[in-house]
Protein chains: 2
Amino acid sequence: MGADRAGPTEGTLAVEPVKVALLGCGVVGTEVARLLTTQSGELASRVGAPLELVGIAVRRLGRDRDLPVDPSLFTTDAEELVTRADVVVEVIGGIEPARSLVLRAFAHGASVVTANKALLAADGPTLYEAAAENGVDLYYEASVAGAIPLLRPLKESLAGDRVTRVLGIVNGTTNYVLDQMDTTGMGFAEAVEQAQALGYAEADPTADVEGFDAAAKAAILASLAFHTRVSLDDVHREGITEVSAADVRAAQLQGCVVKLLAICERGVDAAGDETVSVRVHPAMLPRAHQLAGVRGAFNAVYVEAESAGQLMFYGPGAGGQPTASAVMGDVVAVARHKVVGGRGPGESAYAQLAVQPMAETVTRYHVRLDVADKPGVLAQVAGVFAQHGVSIEAVQQRQVTTGDGAGRAVLVVVTHSATDAALAATVEELEDLEIVDSVAGVLRVEGGDA
Amino acid sequence: MGADRAGPTEGTLAVEPVKVALLGCGVVGTEVARLLTTQSGELASRVGAPLELVGIAVRRLGRDRDLPVDPSLFTTDAEELVTRADVVVEVIGGIEPARSLVLRAFAHGASVVTANKALLAADGPTLYEAAAENGVDLYYEASVAGAIPLLRPLKESLAGDRVTRVLGIVNGTTNYVLDQMDTTGMGFAEAVEQAQALGYAEADPTADVEGFDAAAKAAILASLAFHTRVSLDDVHREGITEVSAADVRAAQLQGCVVKLLAICERGVDAAGDETVSVRVHPAMLPRAHQLAGVRGAFNAVYVEAESAGQLMFYGPGAGGQPTASAVMGDVVAVARHKVVGGRGPGESAYAQLAVQPMAETVTRYHVRLDVADKPGVLAQVAGVFAQHGVSIEAVQQRQVTTGDGAGRAVLVVVTHSATDAALAATVEELEDLEIVDSVAGVLRVEGGDA
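Residues numbered from 1 in each chain as written. Chains lettered and ligands numbered in written order. Predicted model: local features only at pLDDT ≥ 70, side-chain atom pairs only at ≥ 80, totals over all residues. Heavy atoms only, no water.

With that settled, the discussion passes to the pattern of salt bridges. Residues and elements named next belong to chain B. Here the structure, examined in full by the defined rule, presents 52 salt bridges over all chains. Between R162 and E274 there is a salt bridge whose closest N-O contact spans 2.7 Å. Residue R162 is located in the loop between α6 (151-157) and β7 (163-169), and its partner E274 is located in strand β10 (residues 274-286); the two are separated by 112 residues in the primary sequence. Look at E274 and you get partly exposed, because its relative accessible area is 31%. Across the pair E446 and R279 runs a salt bridge, and its minimum N-O distance is 2.8 Å. Of this pair, E446 sits in the segment after β18 (436-445) while R279 sits in strand β10, and the two are 167 residues apart along the sequence. Both residues of the pair, E446 and R279, count as buried. (Salt bridge = Lys/Arg side-chain N within 4 Å of Asp/Glu carboxyl O. Helix = DSSP H or I, 4+ residues; strand = E, 2+ residues; numbered from the N terminus. Buried < 20%, exposed > 50% of the residue type's maximum accessible area, 1.4 Å probe, protein only.)

Below you can see the structure in the form of structure tokens.
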């Protein structure tokens, strides 16, 4: 194996190995350990020094693990392990003990690579600041969209550009469920059961279907895209549990597909100051949109930037191997910094933008109403929209045959851009109209020109 | 404007500006100068120090340039300019004087950002080594696929993975031409004229339509993907000038689309040693393939890696603004290294893989034959394929009405994977068969499982 040809300042003379500690040995950890072992020659060439796996912290010893590593590397003492590593890979997940271990690693001069979106979205700034204070790296490419190189492009490739919007399908479970509903017409519950049977959804699918997972990722994406701090609490979150087969059919009739989107957009508040809107919710997306064709459990993120224009990144968003690929890319980067010096870009939060309240967020809406089929209904409904300043782009009315002989109809209204508050007030008033049986569905429409 | 919060080791105390010299002020250079000027506050926050534009080298002074910069910054003395910069942005293009100026910049301790694919593909190693010897950076994200963050992901995000294949639409001009032929049925010449009228093709479209531009990009992609040296001479190159309306129709009948692909694949030679195959040629691609839907002048690159799986990167592949976005991302990175120390990863060519001769390259083929319509023709044709060890996947025969009453038919043969040499020998022998009027078209079929 030849040495890295990167030049006299690096590689060829560095024979001291970089010590890597692995915290967690689940699906991702196992794969990371395997790659560290089986690809050691190639990795050494890329880093400029060998990577030495010095320990694997697990909850319990003695489990049969199908890994080609020295069994003595396993330990239950993660606190001790992090003190003797140059690079700590945290793939335990959750807030504690991950948080304390990462901080302890920093304090001992180790750089950290993590896939822990929940921790970053909940308490990122504490970690970013601790990394900076100790002059070490905190890398987390694997925390969003699995194997897809996304955070490094946002943080580094687009560092000379101005990102205006990020629109992402960042949760494979919900994309699988919605895709099944779209292609087969099945309902939400049935699609979730199928996803569970195939291993795409957990026994308790709450974190996915309620949008918590996507919201954590949205917070991370928004922070990077707009150079500002966004935490999980700043993210407006709606899951897909309320998406019905009727909603999916309604989307199809509009030439759209329903996707759970993580949306990060620049906005402006009433005082004219720049804001960011960060939200996760199901939305209709035109079938011609790049993201509409993302099938099954795949992830894709669409980025708009002032100079670059429209970019898209696509790939597997989860799974042991894809996630390990992202972790290992980060391991090579931070290990190389240990060998040749330097540090990757740290947190960039200079912009300090305010987060736009959801009520002020502007988007388009698709409103489906069950109404009486008689003259004057449309005028009355349109009047309510107008009264709240919500401009209508298109209306469709369809007669419905009912058993009792009363004339009923379905009225579909697609609006121009309006604030969430105006739309909510409109819907509330519509529900009180005598001619409206019910507001059968409200879905935001995304993917047009903002 | 707040300071970058990246920590005590960077940013806040560095008030010395980073001096940036711009070589060339064409479409891309103008946009780079504009961004350096109008985005100076944001850029300073991201770099940790202001970027100071110290000069713009142009061929002739006195032209009206619509740029908000001090006119005294323009100079015709590029050789002098590079000696007083920390970062040199080379957007002149071509081999000389770009090459000499880049080497001179390195010798004076400047890092270089370039969009010059021709120079890198022709003489990359000289530049990589000079950068390493001088301990400076050479970044070139803009050289391939314009605004799409692609080289950094390949070089850094996938540094812990093993890339097995890169399949890219990396030339917008030819993609526009082929897309027009596909959607309208027009011929090659007419589509090129239209591309010229719309500014998608140059007056002399040779570099694009003959595949030279894509070949330079393929050499760069293969070098990065496989950690080995690949130069322009190593790339097998075929342009799209021979692609006919009939080829495009034939592809449609197969559920395919014709694309000019840059292909970089791992292979194995007769001795069992690893090789790389790097080639640019038109190929049929199934419409279900991610790349098949890339329309107009857009670029997209599909990457397969062992752990990550299948990734795709999509966006604008050319144009002043998108290219400037990629240039500026690199400028921020190398300027930051000037401020906080460190260097990005240099050339990684440890793998030293041999380049597979095109004759040994394995792919599938679509062969269209004009034949006599009589019994035994298929057997005879199939015999020739078999004789050369080329296995047939599917055959279709279609009768053709001719004026002279003689029965003619079109025979379409799609093969399983075969070497280029075997296919070439097969075609040569087919052309000699009495029952074969002509071999009307041969196109490789890509995008299946290798």
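Once that is clear, we can look at the domain arrangement of chain A. Residues and elements named next belong to chain A. For chain A, the assigned domains are domain 1 (18-146 + 321-340), domain 2 (160-315) and domain 3 (358-445). Using only C-alpha atoms to locate each centre, domain 1 and domain 2 end up separated by 29 Å. Counting residues at the interface gives nine residues for domain 1 and twelve residues for domain 2. Taken together, the two surfaces of domain 1 and domain 2 that pack against each other cover about 930 Å², and 73% of this comes from carbon and sulfur. Among the residues of domain 1 in contact with domain 2, K117, A121 and V144 are the three that bury the most area, contributing 51% of the side total. Taking the shortest distance from any N to any O, the salt bridge between R229 and E129 comes out at 2.7 Å. (Domains from an automatic or database assignment. Contact = heavy atoms within 4.5 Å. Buried area = accessible area lost by both parts, 1.4 Å probe.)

Further remarks concern the relation of the copies chain B and chain A. With an RMSD of 0.0 Å, chain B superimposes on chain A once it is rotated by 180 degrees and translated 0.0 Å along the axis. Seen this way, the second copy is the image of the first under a two-fold rotation axis. Residue G342 of chain B, judged by its C-alpha, is the member of chain B lying nearest the rotation axis, at 2.0 Å. In this assembly the copies share their binding face: 100% of the residues contributing to the interface of chain B also contribute to that of chain A. (Least-squares fit on C-alpha atoms with pLDDT ≥ 70 in both.)

Size of an interface: often given as the accessible area lost when the parts come together. Each partner contributes residues to the interface: chain B has 64 residues there, and chain A has 65 residues. Taken over both partners, the interface formed by chain B and chain A buries close to 5,200 Å², and the fraction arising from carbon and sulfur atoms is 50%. Counting every contact that joins chain B to chain A gives four salt bridges. Here R152 of chain B and E156 of chain A are joined by a salt bridge, their closest N and O atoms 3.5 Å apart. On inspection of chain B and its partner chain A, the count reaches 24 residue pairs in polar contact (both at pLDDT 80 or more). When its residues are assigned to classes, the side of chain B that touches chain A shows 26 nonpolar, 22 polar and 16 charged. Alignment of strand β12 (residues 309-316) of chain A against strand β12 (residues 309-316) of chain B, held across three bridges, turns out to be antiparallel. Within the sheet, the bridge partner assigned to M312 of chain A lies in β12 of chain B and is Y314 of chain B. (Polar contact = N/O pair within 3.5 Å; in protein donor to acceptor, adjacent residues only side chain to side chain. Nonpolar A, V, L, I, M, F, W, Y, C, P; charged D, E, K, R; others polar. Pairing = 2+ DSSP bridges.)

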